Amino acid sequence: MPSNQQILLDNRPEGEATTSNFKLVTTDTPALQDGQVLVRHHYLSLDPYMRGRMNDSKSYAQPQPLGEVMIGGTVGEVVESRHPKFAVGDKVVGMGGWQQYSVVDANQPGAVRKVDTTHVPLSHYLGAVGMPGVTAWYGLVKIINPKAGETMVVSAAAGAVGSAFGALAKARGCRVVGIAGGKDKCDYVVNELGFDACVDYKEHKDAISLSKALKQACPKGIDGYFENVGGMVLDAVLLRMNAFGRIAVCGMIAGYNGQPLPLANPALILVSRLKVEGFIVSEHMEIWPEALKELGTLVGTGKLRPRESVAQGLAAAPEAFLGLLKGKNFGKQLVKLI
Ligand SMILES: NC(=O)c1ccc[n+]([C@@H]2O[C@H](COP(=O)([O-])OP(=O)(O)OC[C@H]3O[C@@H](n4cnc5c(N)ncnc54)[C@H](OP(=O)(O)O)[C@@H]3O)[C@@H](O)[C@H]2O)c1
């Protein structure tokens, strides 16, 4: 059995996470038992939710245990199988974690799933045609429920979830406006992802100034907002929401280091009669097949052309992860392992 490089959570961050919270080790992969497969990971997914798991605090999920391999989505190839439904060479997606190989009990529901790489590259199953894409789909379709002609806004628009949201909302005939950090990202959002406009929040020092820019980009107001960030961005959007608007609360990355994100004027929820609903995509497994089908078609037909930021080698994962939390990624952040 091959030796296996792994990254463990060594200690918990206080405030901002650092590379010293992680530890790189090498272990042997154990011999396979009946029903198990050995997967060699090609790509590891880095996702903002991992920051929350590093804390030992109350959340929707258990904290990442210390001294264990960091949790994470992976795509790869079966290199040994003791399960009748999996053969050597099968391409699979799973939750293999921050390591080169994983031994997976293939009988466990949802542990490992075969994917078809004929029309969709393997790495996209961690992004647009994976968890981030389904997240965008759930918030748009099940919470915002858009009508053609309405205006949709998404923050962190150049990222994995935001870029998928844009394509899904365009496919439903909406005006789609992004919010992103910096001119390069905003140009990408409009010119490559096909959004109607994008506002650079870094050009604005407060919510009033940002809301004025949103007014220009959304002349008919905002009917649906997909929230990834929180703080000033949410305050600015609330000022532009139309009556009976819907807000899908997906993430609040501006507060992931533990700082409070106060809401300047919650009365706007009442004044504009808004629906505000948070969600966790893994609690809605029933919609994944329908969402993945639509996302696969959008990618296969070139209507969604997601960009990827790819770090090389497992040892680069901590630095790339910290970069993701600071917006250094452009699209889906991955680590290429072979
Ligand atoms: N609820 C769920 O089930 C679920 C599932 C998946 C993801 N999520 C959430 O969805 C959001 C996007 O995830 P993703 O995987 O697509 O990540 P991503 O957008 O690819 O990367 C994160 C982006 O967040 C932005 N950001 C970071 N710090 C910020 C700050 N202080 N203020 C404003 N923007 C900031 C950066 O973009 P800029 O450079 O543009 O600032 C960064 O590139 C995250 O909040 C994540 O937690 C939730």
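Treat the numbers as computed from the prediction; the structure is a model and nothing was measured.

Given a rise of 1.5 Å per residue, 13 residues ought to cover 18 Å, and the 17 Å separating the end C-alpha atoms of helix α8 (residues 288–300) matches this to within 8%. Those residues of α8 that sit buried are Trp 288, Ala 291, Leu 292, Leu 295, Leu 298 and Val 299. All buried residues of α8 lie within an arc of 125° about the axis, which places them on one face of the element. Turned more than 90 degrees from where α8 packs its buried face, Pro 289, Glu 290 and Lys 293 sit exposed. Here the buried face of α8 lies against β7 (112–114), α2 (131–144) and α3 (160–170). Where α8 ends, the next residue or the one after it, Gly 302, has phi of about 80°, a positive value.

In this section: the packing of aromatic side chains. Following the criterion strictly, the structure yields seven aromatic pairs and no others. Both rings, one in Phe 22 and one in Phe 321, keep their centres 6.3 Å apart while their planes meet at 90°; by these two values the pair is edge-to-face. Residue Phe 22 is found in strand β2 (residues 22–28), and its partner Phe 321 is found in helix α9 (residues 317–325); the two are separated by 299 residues along the sequence. The ring of Phe 86 has Lys 114 sitting right over it, with the charged end atom 5.4 Å from the ring centre. Above the ring of Phe 330, the side-chain terminus of Arg 307 is found at 4.3 Å from the ring centroid.

Mapped onto the elements, Arg 246 comes out in strand β12 (residues 241–249). On a C-alpha basis, the gap between Arg 246 and Val 276 in space is 6.0 Å, while along the polypeptide they are 30 residues apart. With residues up to four places along the chain from it excluded, the contact list for Arg 246 reads Ile 143, Ile 144, Asn 145, Pro 146, Lys 147, Glu 150, Met 152, Asp 223, Gly 224, Tyr 225, Met 241 and Lys 275. A polar contact of 2.7 Å, which involves the side chain of Arg 246, links it to the side chain of Glu 150.

Moving on, we come to α9. Counting buried residues along α9, seven of its nine residues qualify, which places the element largely inside the surrounding structure. For α9, the secondary structure elements touched by its buried residues are β1 (3–9), β2, β3 (36–45), α1 (49–53), β14 (308–312) and β15 (332–336).

So, about the nonpolar core. One finds Val 134, Phe 165, Val 189, Phe 226 and Leu 304 to be the most contacted residues of the largest nonpolar core, which totals 51 residues. If you list the elements that add at least two residues to this core, you get α2, β8 (151–155), α3, β9 (175–180), α4 (183–191) and α8. A per-element tally of this core places α2 first, with eight residues. With 23 residues, the next largest nonpolar core counts Ala 207, Leu 210, Leu 214 and Met 241 among its residues.

This part is about the pattern of salt bridges. Following the criterion strictly, the structure yields eleven salt bridges and no others. A salt bridge links Arg 82 to Asp 34; its shortest N-O distance comes to 2.5 Å. With Arg 82 in the loop between β4 (74–81) and β5 (91–94) and Asp 34 in the loop between β2 and β3, the pair connects residues that are 48 residues apart, well separated along the chain. For Arg 82, a relative accessible area of 41% translates into the label partly exposed. Residue class for Asp 34 comes out exposed when judged on its relative accessible area of 63%.

Reading the values: the criteria
Residues numbered from 1 in each chain as written. Predicted model: local features only at pLDDT ≥ 70, side-chain atom pairs only at ≥ 80, totals over all residues. Heavy atoms only, no water. Helix = DSSP H or I, 4+ residues; strand = E, 2+ residues; numbered from the N terminus. Expected span 1.5 Å × (residues − 1). Buried < 20%, exposed > 50% of the residue type's maximum accessible area, 1.4 Å probe, protein only. Arc of directions from axis to C-beta. Contact = heavy atoms within 4.5 Å. Phe/Tyr/Trp six-rings, centres within 6.5 Å; stacked < 30°, edge-to-face > 60°. Lys NZ or Arg CZ within 6 Å of the ring centre and 35° of its normal. Polar contact = N/O pair within 3.5 Å; in protein donor to acceptor, adjacent residues only side chain to side chain. Core = buried A, V, L, I, M, F, W, Y, C linked by side-chain atoms within 4.5 Å. Salt bridge = Lys/Arg side-chain N within 4 Å of Asp/Glu carboxyl O.

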